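Inside the fold
Next come the chains, spelled out residue by residue.
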Amino acid sequence: MSNFRLQRPSLGPRISSASANEEEPQKEAEQQNCLHLKGHCSHFFSPRKSYQQILDMKEITDSSMDGLPLYWASDHTGFCGTIKNSASDFVVTEINMHGQLVSDVGADCNQDPWNIECEQEKSHPSRNKRLKKQEKTLGNVSEWPNSDKSEDAKVEHSKINQTAGSNLSESAANSPSMQASETQGGTLDLLLGSSVTEMLEKFAFSAKERKPAEAEGTEGETTLLLGTFQEKSQRAAIHLAVRQKFPFLKTVTSSAEIRVRLDPQYSELCQLVSEEEADGFFCFLDSKDRSSKFIFQPDGSKEHRKAVHHFISKYFGKLVETKSFLEQDGSSHRGAEITVRFRDKVPPGRKRHANDCQAMPATYTAFTLCKVNIETLEAVACLAKELGVVPSDFSYAGIKDKKAVTAQTMVVKNVTIDRLKAKQLSIQSKGLKVYNLCPTTQHLRVGQLKGNHFSIMIRNISKHQEDDPDTSLTDRVFEAIEKVKEKGFVNYYGPQRFGLGQNVQADQIGLALLKETLVKAVHLFFTPEEGNDPVNKAKRHYIQTEDAKETLALMPEYKVRERLVLCALNRYGSNQEGCVRAWLSLPHSMRALYIHSYCSKVWNKAVSFRLKTYGLKVVEGDLVACDNLEWDLSYQNNMVHVVTTEDLESNVYSISQVVLPMPGNNIQYPCNKLKLWYQEALAKDGLKACKFRIPALQLNIPGCYRRILAQPQQLVFHWLESKEMPFTKEDAGLVTDEPRKPQEIRDSLSVSFSLKSSCYATVCLREIMKCNV
């Protein structure tokens, strides 16, 4: 890489681009620069300007990047202009894993052109090995057996819906537990023997007769040993049989011994509902029949229903979900029934039964979504409403710009192609377009794309104010494009990563989540900006009152994230536990995005420190990407190599291979000054002992690596005369002694290029233009 010299030795950091094995004094190195500190337009001038003139130049701060000093990869002058004057000025088209523009994928078909499942396996060959078993579900959910359901259990559970919908209190003989006794009694005799079964029945009778207060005080001591069983299948069968006959008992295995005791969750539920309802609910859970549902008796008390919802969510929220439905009875008194059904997703840490997969195969449909001037989450919410599904049924590789025309692949679960086709016209009336419909076998994961293609219109093109008046604008544009083609740009995360808020940005919320100060994170989430628009009015109301119900009424419908959080806060309260439920109401990818936003801010600061300290040369202790590491993020430490003295002597690595880590629990840091810098940066933010795991929010942040330089592909441009701003003769330069062409002042420039995933077009444009965009 060639070196450049500046006329301003005192402005900005001096970064040497000498080869890695050159030993030069620091003073000499500072005279050779090919990176320049952002914030000084004064470094875009001709050699004619004096040193004092340069010092007098006004700095340009970049508030969108939190005042972070940004560095350039080349020394060209650049030019001025504006982007995103309208949505059509910024067109983003996703590039799928096969390298195709998603807008070019064939018309509606019956095969999966994205080949999602295959590409997931290719991009993460050892993904299953790296996944750790997550925390077990609370209570006795973690101890349910994984054996297949017996025929008796299937027959029994077919009665649950009918029984639950009737008057359960009229006779104990009609309760699910008594019905289960008839079918499971013989099974227990075969598994345990008649004498142990008789002891179990007596124990169950006495345990159920005890008052809840007494049971709570003695449940740790009052247990019954059923025996020792070496075979896992035998233990599983005993667990199932006992639970089906006695739903109020909990079975525990320890060193092949099985003990039973009163289930504390059963006792707690009996304080809220009748024993018959509690029996039916636990039988419903043990049956694991995902096609069934359980309905509690109608209840006119909202506070009581809220307590039942809270109980079920607290102990079984990973397995089932609850909803209240109003029902009109004969006395014209409006009550509500709580309906419980199994979630579609299997709880983390538990195995999916083969029978379950065969009984309810999921349907996945892939399609291309085109949206104009609308947020991705808002578009997803609109699609979900049209198709009668929930937003979490949609998956996509990434969030696209709002003020733009974007095309990206999406996958929706449990929606057929025919159903989506039938809704195409209705969806189009909402300002969205879906096409390229085809079946697929898997959801999409975040980052599952090759990159994005950008077609951008830069308007109001002109030279920088301090530029040499004798140099043409056309020359400046051509020079800028060629330099960025050759050298690329520093791969900063763009301002979109951190949100557009001035008072609070996403990385601040992410930091609060990492510290597990979840109430503070909610307050940051609802911190209003300046202005009196409906959204800020609603946020301001919540900060002042913490009344989620009233704030929900004020919050506009299109603010999907805010409304999801408010609904949860209204249901569970605004304390620590309620805030946990509020954050869990957001999709997993959205919760993780706040954490990633903080980590991205750390990475941006790290790369600035790296370039200020070492410049554009490979140094000992750097991390470099191996040949098989793509430009996108990687979680594996074996994909990076620590540069040694021998590597420097042989000059085998270039700056384009150097990567820096995003903080996480499964990455390694560079073995040079950067390691200490990371430690001090995290400690300064109060994360010195952070493990980058938040069990309460089901978040695990392994970390990843990102190249410090990025290279645009297929970078081309052409001039377009602006038709939105008519020229006067004076503007056109027709009345001056040295007339200039109209495009020298107000022409528009069309630029197109492709970037790898997670690279930002606005950052690339900054490198080209050398100014804020």
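Look a little higher up for the structure.
Residues numbered from 1 in each chain as written. Predicted model: local features only at pLDDT ≥ 70, side-chain atom pairs only at ≥ 80, totals over all residues. Heavy atoms only, no water.

**Considering the overall build of the chain**
To keep it simple, the criterion reads: Secondary structure elements follow DSSP: runs of H or I of four or more residues count as helices, runs of E of two or more count as strands, with numbering from the N terminus. Here the term buried applies to any residue with accessible area under 20% of the maximum for its type, exposed to any over 50%, and partly exposed to those in between, with areas from a 1.4 Å probe on protein chains only. Contact between two residues is taken to exist if any of their heavy atoms lie within 4.5 Å; hydrogens are not considered. Accessibility throughout is a Shrake-Rupley quantity obtained with a 1.4 Å probe, and a residue counts as covered only by protein chains that appear here.
For the chain, the helix and strand inventory stands at 29 helices and 23 strands. Burial status across the chain gives 50% buried among its 773 residues. Of the contacts formed within the chain by residues at least 6 apart in sequence, a portion of 75% connects residues at least 24 apart. When the accessible surface of the chain is split by element, carbon and sulfur atoms take 49% of a total near 36,200 Å².

**A closer look at the sheet that holds strand 3 (residues 224-228)**
Under the convention used in this document: At least two DSSP bridges between two strands are required for those strands to pair. Helix axes use the C-alpha atoms of the stretch in contact, all axes being lines fitted to C-alpha atoms, and the angles between their N-to-C directions lie in the range 0 to 180 degrees.
Strand order in the open sheet formed by 3 strands is 3-5-4, with antiparallel pairing between adjacent strands. In the strand order of this sheet, the two ends are held by strand 3 and strand 4 (249-254), each with one partner. Each strand axis lies, on average, 25° off the axis of its neighbour in the sheet, ignoring direction. When strand 3 meets strand 5 (residues 257-262), the two strands line up antiparallel, connected through 4 bridges. Within strand 5, the residue paired with threonine 228 across the bridge is glutamate 257.

**Observations regarding the pattern of salt bridges**
Note the cut-off: Salt bridge, as used here, is a side-chain nitrogen of Lys or Arg placed within 4 Å of a carboxyl oxygen of Asp or Glu.
Tallying each qualifying case throughout the model produces 20 salt bridges. In the salt-bridge network here, residues are joined through shared partners; they are Glu321, Arg341 and Arg343.

**Some remarks on the environment of threonine 187**
Residue position: threonine 187 is located in helix 7 (residues 176-192). It is 9.4 Å that separates the C-alpha atoms of threonine 187 and valine 242, two residues lying 55 residues apart in sequence.

**Looking at the packing of helix 19 (residues 506-514) against helix 20 (residues 518-525)**
Rules: In what follows, roughly perpendicular refers to angles from 65 to 115 degrees, roughly parallel to angles under 35, roughly antiparallel to angles over 145, and oblique to any angle outside these ranges. In a left-handed crossing the near helix is turned counterclockwise from the far helix by less than a right angle, and in a right-handed crossing that turn is clockwise.
Here helix 19 crosses helix 20 at 165°, and the two axes come no closer than 8 Å. Taken together, the axis directions place helix 19 and helix 20 in an arrangement best described as roughly antiparallel. Considering the relative orientation of helix 19 and helix 20, their crossing is left-handed. Of the residues in helix 20, those touching helix 19 at Gln508, Ile509, Ala512 and Leu513 are Leu518, Ala521, Leu524 and Phe525.

**Observations regarding the packing of helix 18 (residues 473-487) against helix 29 (residues 761-769)**
Note the following rule: Nonpolar residues are Ala, Val, Leu, Ile, Met, Phe, Trp, Tyr, Cys and Pro. Charged residues are Asp, Glu, Lys and Arg, and all others, Gly as well, are polar.
Orientation of helix 18 relative to helix 29, taken along the N-to-C sense of each, is 125°, at an axis distance of 8 Å. On the basis of their axis angle, the class for helix 18 and helix 29 is oblique. Side by side, helix 18 and helix 29 meet where Ala480, Ile481 and Val484 of the first sit next to Cys764, Glu767 and Ile768 of the second. A class-by-class count of the residues in the contact of helix 18 with helix 29 yields 5 nonpolar, no polar and 1 charged.

**Quick notes on the pairing of strand 2 (residues 90-95)**
For strand 2, the tally of buried residues reaches 5 of 6 residues, placing the bulk of the element in the interior. Two elements, strand 2 and strand 13 (residues 451-462), share 6 bridges in a ladder whose sense is antiparallel. In the strand pairing of strand 13, threonine 93 is matched with histidine 453. In terms of strand pairing, strand 2 meets strand 11 (residues 405-413) through 3 bridges, oriented parallel. Along strand 11, the bridge assignment pairs valine 92 with threonine 406.

**Section: the state of the cysteines**
What counts here: Here, two cysteine sulfur atoms that lie within 2.5 Å of each other are counted as a disulfide.
Applying the stated criterion across every chain, the model contains 0 disulfides. Free of any disulfide, cysteine 704 has its nearest cysteine sulfur in cysteine 599, 7.9 Å distant. In this model cysteine 771 remains outside any disulfide bridge; the closest cysteine sulfur is found in cysteine 80, 4.9 Å from its own.

**Re helix 23 (residues 560-572)**
Where we set the bar: Expected span of a helix: the number of residues minus one, times 1.5 Å.
Here helix 23 spans 18 Å end to end across 13 residues, near enough to the 18 Å set by a 1.5 Å rise per residue. Of the positions making up helix 23, those classed as buried are Val560, Glu562, Arg563, Val565, Leu566, Ala568, Leu569 and Tyr572. On its buried face, helix 23 sits against helix 13 (302-316), helix 15 (376-387), helix 20, helix 21 (534-545), helix 22 (548-554) and helix 24 (576-584). The first or second residue beyond helix 23 is glycine 573, which carries a positive phi of 95°.

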